[in-house]
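Structural characterization, general
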Amino acid sequence: MRKIGICGSDVHYWVSGSIGPFVVKDPMLLGHECSGVVSKLGQGVTHLKVGDRVAIEPGVPCRRCELCKGGRYNLCPDVFFLATPPDSGALARYHVHAADFCYKLPDNVSFEEGALIEPLSVGIHACRRANVSMGKKVLVCGSGPIGLSAVVSARAMGASEVIVTDISEERLALARKMGATKSLTIATKDPAEAAQQVRDILGAMPDCAVEASGANFSVHMAIRALKPGSAFAVVGHGPNEIQVPIVEAIAHEIDIRGSFRYMNTWPAAIEMLTSGAINVKPMISHYFTLEQTLDAFEMAKSGKGVKVIIDCEKSAA
């Protein structure tokens with residue numbers, strides 16, 4: 001293993017011991033945003049060789065069920081997923097993974113970028129679910145790592161405008177640096193008022209939206225802001241149950257779509273990073289060694305960083 005990014009879910013398992021139905025019952029490693037170097041090959045592996053630099057897709061589906069065979073392998077009920085109970089993660093010196101879910105990295109893509117393909121993939125998949133395409137005006141709710149991933153993905157997919165909302169002006173400044181064309185600092189408690197502010201700042205109704213904050217407020221705001229007939233991808237995990245302005249959604253034929261993890265995104269992400277169409281490096285705020293893992297998690301828990309990276313390589317010293 002080389003680089004591992006700390007995800008909000010890692011912190012949540014560490015602090016709370018569960019996320020919804022996923023409960024930590026036995027000791028387990030965390031870490032699912034990862035890259036490494038191939039040190040040994042299993043029998044029959046031909047697309048990789050020892051020494052190859054790789055990015056790792058953490059979810060390995062069964063490959064046999066109806067969903068897998070239909071191409072929706074991210075919804076496989078029998079998936080092995082790193083750092084999701086009962087499956088252990090990859091925060092270690094060495095990790096064994098399915099070869100067909102390891103993707104070779106070009107020389108100009110760093111190990112840090114390779115690790116960040118995981119959150120980037122969440123953004124790519126969410127943008128696909130939201131029908132982001134050339135020339136569209138996109139609303140992204142939340143400017144954490146997933147919101148930022150949606151911003152860079154939407155711009156790479158040809159969005160002409162991306163407006164981002166958040167309660168933190170500091171996070172919005174980073175979103176603008178990473179490609180958001182407009183932003184709105186949420187100061188009102190009225191989602192309808194915020195929706196109108198989105199339209200006013202954008203000068204139009206958004207063509208599609210990605211909710212990446214997990215806030216019930218943002219769901220209300222986006223549904224009210226969107227152009228009728230739009231797709232709305234909800235990726236942010238907030239409360240298990242929320243209120244939705246369903247009559248407005250029905251009357252405006254807003255397609256509310258769940259967006260869960262990702263599928264077939266690593267090749268596209270690697271191409272985007274290789275060509276320079278996407279730059280995820282500004283998300284990285286802190287570096288720690290494997291021996292400093294506890295400090296790294298404390299930093300991630302504090303919210304002071306955006307993306308905390310752990311270096312798993314043993315020091316030459």
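Details of the structure are given in the entry above.
The rules behind the values
By convention here, each chain's residues receive numbers from 1 onward along its written sequence. It should be noted that, the model being predicted, local features are given only for residues of pLDDT at least 70 and side-chain atom pairs only at 80 or more, the latter also being counted only at that level, while totals for whole chains, interfaces and linings use all residues. As a rule here, side-chain values cover all heavy atoms of the structure and leave hydrogens and water aside. A fitted line through C-alpha atoms represents every axis, and for helices the fit uses only the stretch in contact; the resulting angles, taken between N-to-C directions, go from 0 to 180 degrees. Numbering of helices and strands starts at the N terminus; helices are DSSP runs of H or I of at least 4 residues and strands are runs of E of at least 2. Put simply, angles under 35 degrees are roughly parallel, angles over 145 are roughly antiparallel, angles from 65 to 115 are roughly perpendicular, and the rest are oblique. Left-handed is the label given to a crossing in which the near helix is rotated counterclockwise from the far helix by less than a right angle, and right-handed is the label when the rotation is clockwise. Should any heavy atoms of two residues lie within 4.5 Å, those residues are considered in contact. Throughout, the ten residues Ala, Val, Leu, Ile, Met, Phe, Trp, Tyr, Cys and Pro are labelled nonpolar, Asp, Glu, Lys and Arg are labelled charged, and all others, Gly among them, are labelled polar. Each Phe, Tyr or Trp ring, with Trp reduced to its six-membered ring, pairs with another whose centre is within 6.5 Å; inter-plane angles below 30 degrees give stacked pairs, above 60 give edge-to-face pairs, and intermediate values give tilted ones. Think of it in three bands: with a 1.4 Å probe and only protein chains considered, a residue is buried below 20% of the maximum accessible area for its type, exposed above 50%, and partly exposed in between. Look at NZ for Lys and CZ for Arg. If either is within 6 Å of the ring centre and within 35 degrees of the ring normal, a charge sits over the ring. Salt bridges, as used here, are contacts in which a Lys or Arg side-chain nitrogen is within 4 Å of a carboxyl oxygen on Asp or Glu.

We now examine the packing of helix H4 (residues 117–129) against helix H5 (residues 145–156). For the pair H4 and H5, the least separation of the axes is 7 Å and the interaxial angle reads 60°. In this view, H4 runs oblique relative to H5, as classed from their interaxial angle. Note that H4 runs across H5; the crossing there is right-handed. Judged by residue contacts, Pro119, Leu120, Val122, Gly123, Ile124 and Cys127 of H4 engage Ile146, Ser149, Ala150, Val152, Ser153 and Ala154 from H5. Of the residues belonging to the contact of H4 with H5, the class tally is 9 nonpolar, 3 polar and no charged.

Turning our attention to the packing of aromatic side chains. When we look at a pair of aromatic rings, we describe it by the centre distance and by the angle of the planes. With the rule as written, the count across this model stands at 4 aromatic pairs. Here Tyr73 and Phe101 contribute two aromatic rings whose centre-to-centre distance is 5.9 Å and whose plane-to-plane angle is 75°, an arrangement assigned as edge-to-face. On the criterion of sequence distance, the pair formed by Tyr73 in the loop between helix H2 (66–69) and strand S7 (80–81) and Phe101 in the loop between S7 and strand S8 (102–104) is long-range, its members being 28 residues apart. Considered together, Tyr73 and Phe101 belong to a single accessibility category, that of buried residues. Both rings, one in Tyr103 and one in Trp266, keep their centres 6.3 Å apart while their planes meet at 25°; by these two values the pair is stacked. On the criterion of sequence distance, the pair formed by Tyr103 in strand S8 and Trp266 in helix H10 (residues 266–275) is long-range, its members being 163 residues apart. You can call Trp266 buried: its relative accessible area is 0%. By way of ring pairs, the aromatic residues Tyr103, Tyr262 and Trp266 are connected into one cluster. Over the face of the ring belonging to Phe111 we find Arg53, whose NZ or CZ atom lies 4.6 Å from the ring centre.

Here the focus is the pattern of salt bridges. Side chains bearing opposite charge may pair, as long as their charged atoms lie close to each other. On inspection of all chains with the given rule, the structure shows 13 salt bridges. Across the pair Lys3 and Asp311 runs a salt bridge, and its minimum N-O distance is 3.6 Å. Linking Lys3 in strand S1 (residues 3–5) with Asp311 in strand S16 (residues 307–311), this pair joins segments that are 308 residues apart in sequence. The class of Lys3 is buried, set by a relative accessible area of 9%. Of the charged contacts in the structure, one is a salt bridge between Arg93 and Glu291, with a shortest N-O distance of 2.5 Å. Pair noted here: Arg93 is in the loop between S7 and S8 and Glu291 is in the loop between strand S15 (284–289) and helix H11 (293–302), with a separation of 198 residues, a long-range link. Accessibility expressed as a relative area gives 59% for Glu291, which makes it exposed. Where salt bridges share partners, they join Lys3, Glu112 and Asp311 into one cluster.

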